[in-house]
Amino acid sequence: MSDKRVAIISIIAENRQSSAEINALLSDFGEYIVGRMGIPYRERGIFIMSIVIDSQSEIINRLTGKLGMLSGVTAKTLMAKEKK
């Protein structure tokens, strides 16, 4: 596997029902998660989360992909530049 990277995964969930599935996935990848912040935006009926993760690119991409496959969930990743 490649060297570890630090990344932020941004998640927008359009319904409350997806929160259990999101939390289950985050628990599965918990050993790589540095921190998380969630904000319920009640006026819009959405939930916004930021996940800081430190792991190999393949694992970060796997988590982002699994999150994005959930119904009503959008997930995008921003990775720190690799140190040379």
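Residues numbered from 1 in each chain as written. Predicted model: local features only at pLDDT ≥ 70, side-chain atom pairs only at ≥ 80, totals over all residues. Heavy atoms only, no water.

*Asks:* I tried to follow the overall build of the protein on my own but got confused; where do I start?
*Replies:* The number of helices and strands found in the protein is two helices and four strands. Written out in order from the N terminus, the α and β elements of the protein read β-α-β-β-α-β. Projected onto its principal axes, the C-alpha positions of the protein cover 45 × 20 × 20 Å. Counting all 84 residues of the protein, 30% fall into the buried class. (Helix = DSSP H or I, 4+ residues; strand = E, 2+ residues; numbered from the N terminus. Buried < 20%, exposed > 50% of the residue type's maximum accessible area, 1.4 Å probe, protein only.)

*Asks:* Sorry if this is basic, but what is going on with the pairing of strand S1 (residues 4-13) here?
*Replies:* Here S1 shows one buried face, formed by Arg5, Ala7, Ile9, Ile11 and Ala13, and one open face, formed by Lys4, Val6, Ile8, Ser10 and Ile12. Relative to strand S3 (residues 46-56), S1 runs antiparallel, the two sharing 10 bridges. Residue pairing in the sheet places Ile8 in a bridge with Val52 of S3. In terms of strand pairing, S1 meets strand S4 (residues 73-79) through seven bridges, oriented antiparallel. By the bridge assignment for S4, Ser10 is matched with Lys76. (Pairing = 2+ DSSP bridges.)

*Asks:* Help me understand helix H2 (residues 57-68), please; the structure alone is not making it clear to me.
*Replies:* An α-helix turns once every 3.6 residues. As a result, residues three or four positions apart point the same way. In this model H2 runs 16 Å from its N-terminal to its C-terminal C-alpha over 12 residues, within 8% of the 16 Å that 1.5 Å per residue would give. The secondary structure elements touched by the buried residues of H2 are S1, helix H1 (18-28), S3 and S4. (Expected span 1.5 Å × (residues − 1). Contact = heavy atoms within 4.5 Å.)

*Asks:* It is not clear to me how the sheet that holds strand S2 (residues 33-41) should be interpreted in this structure. Could you clarify?
*Replies:* Note on sheets: strands pair through backbone hydrogen bonds, and any given pair is parallel or antiparallel. A sheet is described by the order of its strands in space; here four strands give the open sequence S2-S3-S1-S4, paired in antiparallel fashion. Looking at which strands have only one partner, the edges of the open sheet turn out to be S2 and S4. Put simply, the sheet's adjacent strands are angled 15 degrees from each other on average, direction ignored. Those strands touched by H2 are S1, S3 and S4, and its axis lies near 160 degrees from that of S4. (Axes fitted to C-alpha atoms, helices over the stretch in contact; angles between N-to-C directions.)

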